Amino acid sequence: MSHTVEILSVGTELLLGSIANTDARDLSVELAALGLDVHYHSVVGDNPKRLREAVELARGRADILITTGGLGPTCDDLTKQVLVEAFGKKLVFCPACAQQIRDYFARIGREMTQNNLQQAWLPEGCTVLDNAWGTAPGCAFQSGASYVVMLPGPPGECIPMFRERAVPWLAKLREGVIHSRVVRIFGMGESEVESILRTRMNQLVNPTLAPYAKEGEVELRITAKAADLAKAEELIVPVEGEIRRLLGRRVYGTDVPNLEQVVLDGLKYRKLTLGTAESCTGGLIAKRLTDLPGASAAMKGSVVSYTNEVKEQVLGVPRKMLDQHGAVSGEVARAMAYGARRVLDCDIAVAVTGVAGPERDERDNPVGLVYVALATPGEIRVTRLELGSGPTYARERVRNLAASNALDMIRHYLEESGAQ
């Protein structure tokens with residue numbers, strides 16, 4: 001039998017946007033590892049009528065219902081009461097759970113109010129999921145063809161309780177594994193990627209292939225379902241190979257977190273040092289790299305040359321060049337990269353200068369015009385980018401894309417040098 005899962009998150013604070021619903025995201029990852037297909041996420045506030053309607057809808061379209069939230073001691077914690085009514089059960093008092101709650105408060109040195117014992121009332125005949133991370137126990141039960149798991153809402157309780165308590169209970173329902181690999185692409189839009197891969201995506205059944213757009217990037221998620229991890233990998237590997245063949249050097253990695261990690265790993269592998277000279281990006285390239293642990297092994301430093309005076313006096317860009325070509329030019333980008341490599345005493349240096357907006361610059365250069373230069377021991381490369389302003393947040397978008405393009409330029413050099 002093929003099982004389907006719905007995750008029902010309970011809490012008005014989720015609907016108000018006061019907190020992010022990370023439970024549903026993290027539980028989906030955990031359930032996929034169990035080989036259980038999550039078909040629906042739903043969120044409902046702390047309202048008994050709407051919660052009952054959400055439960056009835058869920059049980060009609062999924063045979064495994066996992067709820068998060070609404071198990072606490074306050075009057076708006078209604079999940080257990082609504083679910084036992086929906087499944088024709090009743091709540092019974094669990095003395096062992098009550099003692100665990102008392103012990104918890106004694107352990108943290110706080111007086112327990114009596115309403116906390118509300119958490120010790122659980123559905124009759126359920127499997128208690130002990131809470132070693134908080135006060136509210138979870139529970140699991142089967143009712144006919146339905147399987148129900150109730151988890152507390154706080155992520156620090158929900159996720160470890162699922163892993164340590166709910167997974168053994170759900171193990172009897174597992175159907176192999178669902179495994180994914182994520183291929184990351186820079187420099188192509190989602191529509192362009194999809195047009196190249198459309199025929200193949202339509203043909204695939206297991207594994208499946210789905211694109212996800214990010215700013216300046218596309219993720220391709222290859223997902224396979226199989227009896228075990230090794231067989232799932234066997235299904236994925238040829239699809240990944242086909243993607244790499246079709247998209248070539250636009251692919252910058254598989255199961256890697258971001259461009260900057262790929263660049264840092266390549267620099268460290270080659271034992272190369274890097275410096276940056278940044279105008280419109282204001283140090284963003286250096287920040288993205290130094291956010292990573294171990295960046296000091298490769299990152300020498302950065303010059304934020306926001307004004308022409310700094311370009312001239314620190315990086316050595318000739319005043320005549322600035323006057324003739326303007327700060328936003330290929331010539332100045334080249335001189336900035338050369339100067340950064342000299343000043344910072346690094347193996348390679350990247351420089352960025354451009355118009356981040358929101359207005360054109362004094363030479364009427366458009367928003368989004370950016371020059372990126374890379375100085376290496378053998379040459380200086382310069383790329384002209386027209387990043388456009390975008391519909392909203394133009395300045396942030398241009399800066400982010402400029403930094404990503406600079407990192408991608410470094411990546412290409414490292415690949416050509418045999419770094420990866």
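Residues numbered from 1 in each chain as written. Predicted model: local features only at pLDDT ≥ 70, side-chain atom pairs only at ≥ 80, totals over all residues. Heavy atoms only, no water.

J.: Talk me through the environment of Ala86; I want residue IDs and the actual numbers.
T.: Relative to the assigned elements, Ala86 resides in helix H4 (residues 79-86). Under the relative-accessibility criterion, Ala86 is labelled buried at 9%. Leaving out residues up to four positions away in the same chain, Ala86 has contacts with Arg52, Val55, Glu56 and Arg59. (Helix = DSSP H or I, 4+ residues; strand = E, 2+ residues; numbered from the N terminus. Buried < 20%, exposed > 50% of the residue type's maximum accessible area, 1.4 Å probe, protein only. Contact = heavy atoms within 4.5 Å.)

J.: Report on the pattern of salt bridges, specifying residues and quantitative values.
T.: Under the counting rule described, the total for this entry stands at 27 salt bridges. Of the charged contacts, one joins Asp255 and Arg181 as a salt bridge, the two residues approaching to 3.2 Å between their closest N and O atoms. In this pair, Asp255 is assigned in the loop between strand S12 (251-254) and helix H9 (259-270) and Arg181 in strand S9 (residues 177-186), connecting sequence segments 74 residues apart. Connected through salt bridges with shared partners, the residues Arg249, Glu379, Arg381, Asp408, Arg411, Glu415 and Glu416 form a single ionic network. (Salt bridge = Lys/Arg side-chain N within 4 Å of Asp/Glu carboxyl O.)

J.: Before we move on, can you summarise the sheet that holds S12 with the specific residues and values?
T.: Reading across the sheet, the four strands line up as S10-S11-S9-S12 and stay open at both edges, with antiparallel pairing between neighbours. Lying at the two open borders of the sheet, with one neighbouring strand each, are strand S10 (208-214) and S12. Adjacent strand axes in the sheet meet at a mean angle of 25°, parallel and antiparallel pairs treated alike. For S9 and strand S11 (residues 217-226), the ladder comprises 10 bridges, and the chain directions are antiparallel. Within the sheet, the bridge partner assigned to Ile178 lies in S11 and is Lys225. (Pairing = 2+ DSSP bridges. Axes fitted to C-alpha atoms, helices over the stretch in contact; angles between N-to-C directions.)

J.: So what about the pairing of strand S14 (residues 299-304)? Which residues, and what values?
T.: Where a strand is regular, its side chains alternate between the two sheet faces. Examined bridge by bridge, strand S13 (residues 274-278) and S14 share five bridges and lie parallel to one another. Bridge pairing in S14 links Gly275 to Gly301. Between S13 and its parallel partner S14, the chain crosses via helix H10 (residues 284-290), and the hand of that crossover is right-handed. (Right-handed = clockwise from strand over helix to strand, strands pointing away.)

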